[in-house]
Amino acid sequence: MSIKENLNNIKSKLPEHVTLVAVSKTKPVSDLMEAYEAGQRIFGENKIQEMVEKHQDMPKDIEWHMIGHVQTNKVKYMAEFVSLIHGVDNYKLLKEINKQAKKHNRVIDCLLQLKIASEDSKFGMSFEEASEIIQSEKFSELKNINVVGVMGMATFTTDENQITNEFNRLKFAFDALKALQTQYCRLKTISMGMSGDFPLAIAAGSTMIRVGSSIFGSRNYTN
């Protein structure tokens, strides 16, 4: 099937409250434009440099989401245009995003990445760390960021019970953090679920899914 057909097929299965992020990492601009012409406006990249280049080449009504692990020293390259940063896993990174957003007179939306998987390779903070951050005095001083939700990645496994339990853990954490929220932290987004597990994620309460290979086909890793 074409990218357009894949996209329409996935969108037809999504409830109205679930946002689709088309994960376009490693894909050429021509593929992204095919998705764009089919109506997709939200794209997710996991490398800042690649996202910067695509942003320069593509229409300016696109929302760019940074979904990969973020290095503090690279935030400045995307601060001018990024719409949502999914992988915020420590206070130091929040502080840097705030600093760079201020330079561009922007408020940048962020998601706190929580570690829900059993795999050591997955990044993320604990619920306790997230809770401590959003209740801290130093967090309330960051006026150029807006924490709008949480993000998590399930273990890469075929065990659907394990995946569901991990997604439920993120939903529980979201609800608990929401009870603590302040004027600088208004939680509405739960970003969980990818090509292989998004139906389970939606059943567990996801409001945003990140889908790549089911739209664009397998990745092109050349480096």
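Given the structure is predicted, the values throughout are model-derived calculations rather than measurements.

A.B. asks: What's the story with unusual backbone geometry in this structure? I'm lost.
C.D. replies: Positioned with a positive phi, Thr26 is a non-glycine residue whose angle comes to about 70 degrees. Positionally, Thr26 belongs in the loop between strand E1 (19–23) and helix H2 (29–37). Phi at Asn105 takes a positive value of approximately 55 degrees, unusual for a residue other than glycine.

A.B. asks: Could you clarify how one ought to interpret the side chain of Ser136 in this entry?
C.D. replies: Here Ser136 lies in the loop between helix H6 (127–135) and helix H7 (137–140). For Ser136, a relative accessible area of 17% corresponds to the buried category. Here the side chain of Ser136 touches Phe139 through a polar contact of 3.2 Å, landing on its backbone nitrogen.

A.B. asks: Just to check I follow, could you spell out the side chain of Glu166 for this structure?
C.D. replies: Take Glu166: it is sitting in helix H8 (residues 160–178). Here Glu166 sits buried without a salt bridge, and the closest side chain of opposite charge, Arg169, lies 5.0 Å off (N-O distance). The contacts of Glu166, once residues within four sequence positions are left out, are Ile116, Ala117, Ser118, Ala154 and Thr155.

A.B. asks: Just checking my understanding: could you explain the pairing of strand E8 (residues 208–211) for this structure?
C.D. replies: Burial along E8 is two-sided: Met208 and Arg210 and Ile209 and Val211, pointing in opposite directions, are all buried. Relative to E8, E1 runs parallel, the two sharing four bridges. Bridge pairing in E8 places Thr19 opposite Met208.

A.B. asks: What is the right way to look at the packing of aromatic side chains in this model?
C.D. replies: Both the distance between ring centres and the angle between the ring planes are used here to describe each pair of aromatic rings. Scanning the model with the defined rule gives one aromatic pair in all. Arranged with centres 5.9 Å apart and planes meeting at 35 degrees, the rings of Phe43 and Trp64 form a pair that is tilted. Here Phe43 is found in strand E2 (residues 42–45), whereas its partner Trp64 is found in strand E3 (residues 63–66), with 21 residues between them in sequence. Judged by its relative accessible area of 0%, Phe43 falls in the buried class. Above the face of the Tyr36 ring, Arg41 is positioned so that its terminal group lies 3.6 Å from the ring centre. Just above the ring of Tyr91 sits the side chain of Lys138; from NZ or CZ to the centre is 4.3 Å.

Definitions and cut-offs
Per chain, residues are indexed from 1 in the order of the written sequence. Local features in this predicted model are restricted to residues of pLDDT 70 or higher, and side-chain atom pairs are both shown and tallied only at a pLDDT of 80 or more, whereas totals for entire chains, interfaces and linings draw on every residue. Working from all heavy atoms in the structure, the side-chain values ignore hydrogens and water. Going along the chain from the N terminus, every DSSP run of H or I of four or more residues is numbered as a helix, and every run of E of two or more is numbered as a strand. Buried means the residue's accessible area, taken with a 1.4 Å probe over protein chains only, is under 20% of the maximum for its type, while exposed means over 50%, and partly exposed covers the values in between. Side-chain atoms alone can form a polar contact between residues adjacent in sequence; in general such a contact is a pair of N or O atoms within 3.5 Å, and within protein one must be able to donate a hydrogen while the other accepts it. His is not counted, nor are the chain ends; Lys and Arg add positive charge and Asp and Glu add negative charge. Salt-bridge detection follows one rule: a side-chain nitrogen of Lys or Arg within 4 Å of a carboxyl oxygen of Asp or Glu. The contact criterion used throughout is that any non-hydrogen atoms of two residues lie within 4.5 Å. When DSSP locates at least two bridges between a pair of strands, those strands are taken to pair. Only Phe, Tyr and Trp rings take part, Trp by its six-membered ring, and two of them pair if their centres are within 6.5 Å. Stacked means planes under 30 degrees apart, edge-to-face means over 60, and tilted covers everything else. Placement of a positive charge over a ring is assigned whenever Lys NZ or Arg CZ falls within 6 Å of the ring centre and within 35 degrees of the normal to the ring plane.

Honestly, that's just the spatial picture; any functional story needs more than this.
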